[in-house]
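The primary structure of each chain is shown beneath.
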Amino acid sequence: MINSASKKTKEFKVFDKKAPNTRLLKFLKPRSLPFVNDCFKNENNAVVGVFFQRLNKIFYVTFFSLMFMSCGSCSKENDEVNKPDDQEKPEVVGGDVTIFTTTGNRAYDFQRGAVDFSETSNMSPTTITLVPSVKYQKMNGFGAAITGSSCFNLMQMEPADREEFLKQTFSHEEGMGYSYVRIAIGCSDFSLSEYTCCDTPGIENFSLQSEELDYVIPILKEILAINPDLKILGSPWTPPRWMKVNNLTDLQPFNSWTSGHLNPAYYEDYATYFVKWIQAFAGFGISIDAITPQNEPLNRGNSASLFMGWDEQLEFVKELGPALEEAGLEVKLYVFDHNYNYDNMSEQEDYPVNIYADDEASRYIAGAAYHNYGGHFSELEDIHQKAPEKELIFTETSIGTWNDGQNLSKRLMDDMEQVAFGTVNNWSKAVIVWNLMLDSNRGPNRSGGCETCYGAVDISNDNYKTIVRNSHYYIIGHLSSVVKPGAVRIGTSGYSTDGIIYSAFENTDGSFALVLMNDTNDTKTITISDGSNHFSYPVPSNAVVSYRWNK
C-alpha cells in the first residue's frame, strides 16, 4: 500500500520495450525491486505482462483502491432507493482494513474501500495509536426514531424498494448496520393523529391503535427480519388526557394533548399502562429494550406533551420501577430525556442526579437520556462525573430548515462533531437521531409540533422512491457500520490537531474500529496503529471516514 510515513520510498519506471510509450508506476516498495529487475532481464516477454502476473498483494490492493476512490464523484444528490447512482460501482478489492468514506460534497457517498497493513516501518508524524488498555463505556448501538410518520412513508414504498432501503440501513452484512431505534408510546408530533393507547378512561381499556398495528409494528417486523438484535427504546409524549391535571396544587382535570401534569392519583394506572404497552409489543414478537418515563418533560409546548419536573418523575419512577419488576420485565429505565441545558430552568438543573439521590428510585434506573436542542454536550461529562455508575444515552436531535438541514456540505461536519463525537466521546452509550424518514413536505407532522424538520432521509411523496440522504443518515451510518453493539470505546494517543476528531473502539469479536472526521480544507494522510499493525489512508477534506480491521 502507499505509506506516506515512509520517506525512503522510490519511484521506478516500468516499460515495455516494444511499446511506443512508457507507464509510470509510482511508489513501488523496495521489496518489489527483484521482480522488476527480472522483468528487465526477460526481453522475450512483454514487461507489463510479467509485471501483472507477478504483482504482489500490497500493490494490487492499493492500485484498485485508488481506481475505486477516483470514481467517488459519480454519486448524485437525489438517489433512487434501488439505484444509488447512475454509474456502475467498481468492484471492491478486499484488504486488511475496511474503510467507508463520505464527503460533504458527496464525491464520496459512504463509499466502501479497503487497504492492507503496511509492511514498512512507521515513521509518520500523523500516527494515531490505539490504546486498548484504556477503556471507557460499552456501546449499546446507534440509530434513528421510527416514528409513525417514518413508518407511514416507508409503507408507501414499493415492497422491493422498502426492503432494499431497510437492508441498506439496518443490515450488518449488506448495509450500515443501524442497531438501535426509538419509537413513541402512543403518539408523537410525527404521528398521523393525536392519540394514546387508552383514550377511554379506565386502564382496562388499553389497546394498541392503528398507528402501531398498521404502520409501526409491520415496519419493526421487517427491520427485525434484517437485524434480529435491534434494540428498541420507547418514550411517551403524553399520558391519556384523563390522567392529566392542570397543576399539582389544584388538581383540576386538564383535557388537553399539550402540557398539564400527571395526576398522582393515576401513578399506578400509568405504570400499568407502560407494562401493558411492553407486553402488547411482546405479543407481536417485538422486545422492548428500554423506556423513558416522558419525552422532553420540561417542554410544555409540543403538540403532545406533559410537564414532569424531576421531583414528579422521581415519585412516578417509584411506582413504575416496581410495576416493571413485578411483571417480570427486564427493561432498562432511563430518566430525563431532554436538553443539556434543562431549558434554562435553574430548579431543574442536574435533573437525573436529583432522582439518583433517592435510593428507592435509583435502584430501578439504568441512567439518563439527553437531547441537544439547548446547551452543550459537555453536560454529559459533568453528569458522568457526578454519577459514574449510571449510563448515559443520546436519544434525539433533528435537522431542519433552521439549520440548512439538507445541505450536506454544511451539516456533515457540524453534526459529526456535535452529535456523533460530542456524545460518544463524553460517555454516551448510544446515539439516536430523530425521524428516520420524512417526505418531501417534511411530514406527515402535527400542527404545534415540528413542522420544519427534515428526516435522516427524505423521500419524494410524488413517487415514494426518490430519496435524499441527509447528514444524520451518514453520521449514524459511519458509527454503526464499524462499531457494533457491545463494543468498548478505548483510548488513543498520538496525532492531534485542529479539525481532526476521532474515537476508537474494540468490538466484541476482537476487531478494532476507528471513526474520524477531517474538518479541514486539505487531504490529510493519517496513519493508524494498533501496536502490532499500521496502515495509512489519505482522508479527503471535509470528510468522515470509518475503519474496521481484525488484529
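Heads up: the structure comes first, above all this text.
From a predicted model like this one, the values you see are computed outputs, not experimental measurements.

Novice: Explanation requested: the sheet that holds strand E25 (residues 512–518) in the structure shown.
Specialist: Strand pairs in the sheet, formed through backbone hydrogen bonds, run parallel or antiparallel to each other. Spatially, the 9 strands line up as an open sheet ordered E6-E5-E28-E25-E24-E23-E7-E26-E27, and their pairing is mixed. Of all the strands in the sheet, just strand E6 (111–115) and strand E27 (534–539) have a single pairing partner and so form its edges. Strand-to-strand twist in this sheet, taken as the mean axis angle between neighbours without regard to direction, amounts to 30 degrees. Relative to E25, helix H12 (residues 408–424) is tilted by about 135 degrees, and along the sheet it contacts strand E5 (97–103), strand E7 (127–138), strand E23 (488–494), strand E24 (500–506), E25 and strand E28 (543–549).

Novice: What am I meant to see in the nonpolar core here?
Specialist: A general trend in soluble globular proteins is that nonpolar side chains are found buried together. The biggest cluster of nonpolar side chains holds 107 residues, and the ones touching the most others in it are Phe 165, Trp 277 and Ile 291. By residue number, the principal contributor to this core is helix H7 (residues 267–282), which donates 9 residues. Aside from chain neighbours lying at most four places away, what touches Ile 291 is Ile 185, Leu 233, Gly 234, Phe 274, Trp 277, Ile 278, Leu 320, Leu 324, Val 331, Lys 332, Leu 333 and Tyr 334. Counting 24 residues, the second largest nonpolar core, distinct from the first, contains Ile 490, Phe 512, Val 545 and Tyr 547.

Novice: I tried to follow the environment of Val 97 on my own but got confused; where do I start?
Specialist: Looking at where Val 97 falls in the secondary structure, it is placed in strand E5. For the pair Val 97 and Ser 546, spaced 449 residues apart in sequence, the C-alpha to C-alpha distance is 10.0 Å. Leaving out residues up to four positions away in the same chain, Val 97 has contacts with Gly 113, Ala 114, Val 115, Phe 117, Phe 535, Tyr 547, Arg 548 and Trp 549.

Novice: What is the right way to look at the state of the cysteines in this model?
Specialist: Disulfide: a covalent bond connecting the sulfur atoms of a pair of cysteines. Here the structure, examined in full by the defined rule, presents 1 disulfide. Considering cysteine sulfurs only, Cys 197 is the nearest to Cys 187, which forms no disulfide, with 9.3 Å between them. Overall, the relative accessible area of 1% leaves Cys 187 in the buried class.

Novice: How should the layout of surface pockets be read in this particular structure?
Specialist: Gaps left between atoms are located by rolling a probe of water-molecule size over the structure's atoms. Each pocket or cavity is described by its volume, and for the second largest pocket that value is around 230 Å³. The residue makeup of the lining of the second largest pocket, split by class, is 6 nonpolar, 7 polar and 4 charged.

Novice: For this particular structure, what's the right way to read the pairing of E27?
Specialist: The side chains of a regular strand alternate, first on one face of the sheet and then on the other. In terms of residue burial, E27 counts as a mostly covered element, since 5 of its 6 residues are buried. Direction of pairing for strand E26 (residues 524–529) relative to E27: antiparallel, over a ladder of 6 bridges. Bridging from a neighbouring strand, Thr 525 pairs with Pro 538 of E27. Following E26, the chain reverses through 4 residues before pairing antiparallel with E27; Gly 531 in that reversal takes a positive phi of roughly 95 degrees.

Novice: Which parts of the structure should I look at to understand the packing of aromatic side chains?
Specialist: Aromatic rings in a pair are described by how distant their centres are and how their planes are angled relative to each other. According to the stated counting rule, one finds 28 aromatic pairs in the structure shown. Taken together, a centroid distance of 6.4 Å and an interplanar angle of 75 degrees make the contact between Tyr 273 and Phe 274 edge-to-face. With a relative accessible area of 0%, Tyr 273 lands in the buried category. On the numbers, 5.1 Å between centres and 65 degrees between planes, the contact of Phe 336 with Tyr 370 is edge-to-face. A residue pair is termed long-range when its members are at least 10 positions apart, and Phe 336 in strand E14 (residues 332–339) and Tyr 370 in strand E15 (residues 367–371) qualify at 34 residues.

Novice: Is there a simple way to explain the packing of H12 against helix H13 (residues 471–480) in this structure?
Specialist: Any two packed helices are characterised by the angle at which their axes cross and by the distance between the axes. One way to put it is that H12 packs onto H13 with a least axis distance of 9 Å and a crossing angle of 45 degrees. The angle between H12 and H13 falls in the class oblique. H13 is crossed by H12, and the crossing has right-handed handedness. Contacts between H12 and H13 involve Leu 408, Arg 411, Leu 412, Asp 415, Met 416, Val 419 and Ala 420 from the former and Ser 471, His 472, Tyr 474, Ile 475 and Leu 479 from the latter.

What counts, and where the lines are drawn
- Residues numbered from 1 in each chain as written.
- Predicted model: local features only at pLDDT ≥ 70, side-chain atom pairs only at ≥ 80, totals over all residues.
- Heavy atoms only, no water.
- Pairing = 2+ DSSP bridges.
- Helix = DSSP H or I, 4+ residues; strand = E, 2+ residues; numbered from the N terminus.
- Axes fitted to C-alpha atoms, helices over the stretch in contact; angles between N-to-C directions.
- Contact = heavy atoms within 4.5 Å.
- Core = buried A, V, L, I, M, F, W, Y, C linked by side-chain atoms within 4.5 Å.
- Buried < 20%, exposed > 50% of the residue type's maximum accessible area, 1.4 Å probe, protein only.
- Disulfide = S-S within 2.5 Å.
- 1 Å grid on protein atoms, 1.4 Å probe; cavity = no way out; pocket = protein on both sides within 12 Å on 5 of 7 lines; lining within 4 Å.
- Points joined across faces, edges and corners; volume = space filled by probe spheres on them.
- Nonpolar A, V, L, I, M, F, W, Y, C, P; charged D, E, K, R; others polar.
- Phe/Tyr/Trp six-rings, centres within 6.5 Å; stacked < 30°, edge-to-face > 60°.
- Parallel < 35°, antiparallel > 145°, perpendicular 65-115°, else oblique.
- Left-handed = near helix turned anticlockwise from the far one by under 90°.

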